[in-house]
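# Structural overview
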Amino acid sequence: MNLKEKARAKVKELDQRMAELNTLLYKETNPEKLKEIEREILSVAARTNKFLRMAGADEKEMYAD
């Protein structure tokens, strides 16, 4: 598995986590938990961008499957 394939797999994994976090975000009412979820969303977004750059691909190419 080359770097691009590994990055694509990691992006899919991170996308799944982002979907889970978004669901939690809309269900949660505790302000402290909301802050934790928002921080994790930002972290996942940053890691996703990192893997997109590592693969040398733009977002359209990564989601072309």
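Look up a bit, the structure's there.
Definitions and cut-offs
- Residues numbered from 1 in each chain as written.
- Predicted model: local features only at pLDDT ≥ 70, side-chain atom pairs only at ≥ 80, totals over all residues.
- Heavy atoms only, no water.
- Helix = DSSP H or I, 4+ residues; strand = E, 2+ residues; numbered from the N terminus.
- Buried < 20%, exposed > 50% of the residue type's maximum accessible area, 1.4 Å probe, protein only.
- Contact = heavy atoms within 4.5 Å.
- Areas by Shrake-Rupley, 256 points an atom, 1.4 Å probe, with all protein chains shown as cover.
- Phe/Tyr/Trp six-rings, centres within 6.5 Å; stacked < 30°, edge-to-face > 60°.
- Lys NZ or Arg CZ within 6 Å of the ring centre and 35° of its normal.
- Axes fitted to C-alpha atoms, helices over the stretch in contact; angles between N-to-C directions.
- Parallel < 35°, antiparallel > 145°, perpendicular 65-115°, else oblique.
- Left-handed = near helix turned anticlockwise from the far one by under 90°.
- Nonpolar A, V, L, I, M, F, W, Y, C, P; charged D, E, K, R; others polar.
- Salt bridge = Lys/Arg side-chain N within 4 Å of Asp/Glu carboxyl O.
- Expected span 1.5 Å × (residues − 1).
- Polar contact = N/O pair within 3.5 Å; in protein donor to acceptor, adjacent residues only side chain to side chain.

## Topic: the overall build of the protein chain
Scanning the protein chain for helices and strands turns up three helices and zero strands. Along the protein chain, from the amino end to the carboxyl end, the secondary structure elements read α-α-α. The burial tally for the protein chain puts 23% of its 65 residues in the buried class. Looking at the protein chain alone, contacts between residues at least 24 apart form 60% of all its contacts between residues at least 6 apart. When the accessible area of the protein chain is evaluated, it comes to approximately 4,900 Å², of which 52% is carbon and sulfur surface.

## Side note on the packing of aromatic side chains
Counted according to the given criterion, the structure contains zero aromatic pairs. Positioned above the aromatic ring of Phe51 is the side chain of Lys50, whose terminal nitrogen or guanidinium carbon lies 5.3 Å from the ring centre.

## Let's talk about the packing of helix 1 (residues 3–27) against helix 2 (residues 31–55)
At a minimum axis distance of 9 Å, the contact between helix 1 and helix 2 shows a crossing angle of 160°. Taken as axis vectors, helix 1 and helix 2 run roughly antiparallel relative to one another. Note that helix 1 runs across helix 2; the crossing there is left-handed. For the contact of helix 1 with helix 2, the residue count by class is 17 nonpolar, two polar and seven charged.

## A look at the pattern of salt bridges
Applying the stated criterion across every chain yields a total of three salt bridges. Of the charged contacts, one joins Glu13 and Lys10 as a salt bridge, the two residues approaching to 3.2 Å between their closest N and O atoms. Taken together, the positions of Glu13 and Lys10, both in helix 1 and three residues apart, correspond to about one turn of that helix. For Lys10, a relative accessible area of 26% puts it in the partly exposed group. The residue Glu40 makes a salt bridge to Arg17 at a minimum N-O spacing of 3.0 Å.

## Digging into helix 2
Over its 25 residues, helix 2 runs 36 Å from end to end, which matches the ideal 36 Å to within 8%, given 1.5 Å per residue. Of the positions making up helix 2, those classed as buried are Ile37, Ile41, Val44, Thr48, Phe51, Leu52 and Ala55. Between a side-chain oxygen at the N-terminus of helix 2 and the backbone nitrogen of Glu32 the separation is 2.9 Å; the capping residue is Asn30. Directly after helix 2, the chain includes Gly56, whose backbone phi takes a positive value near 70°.

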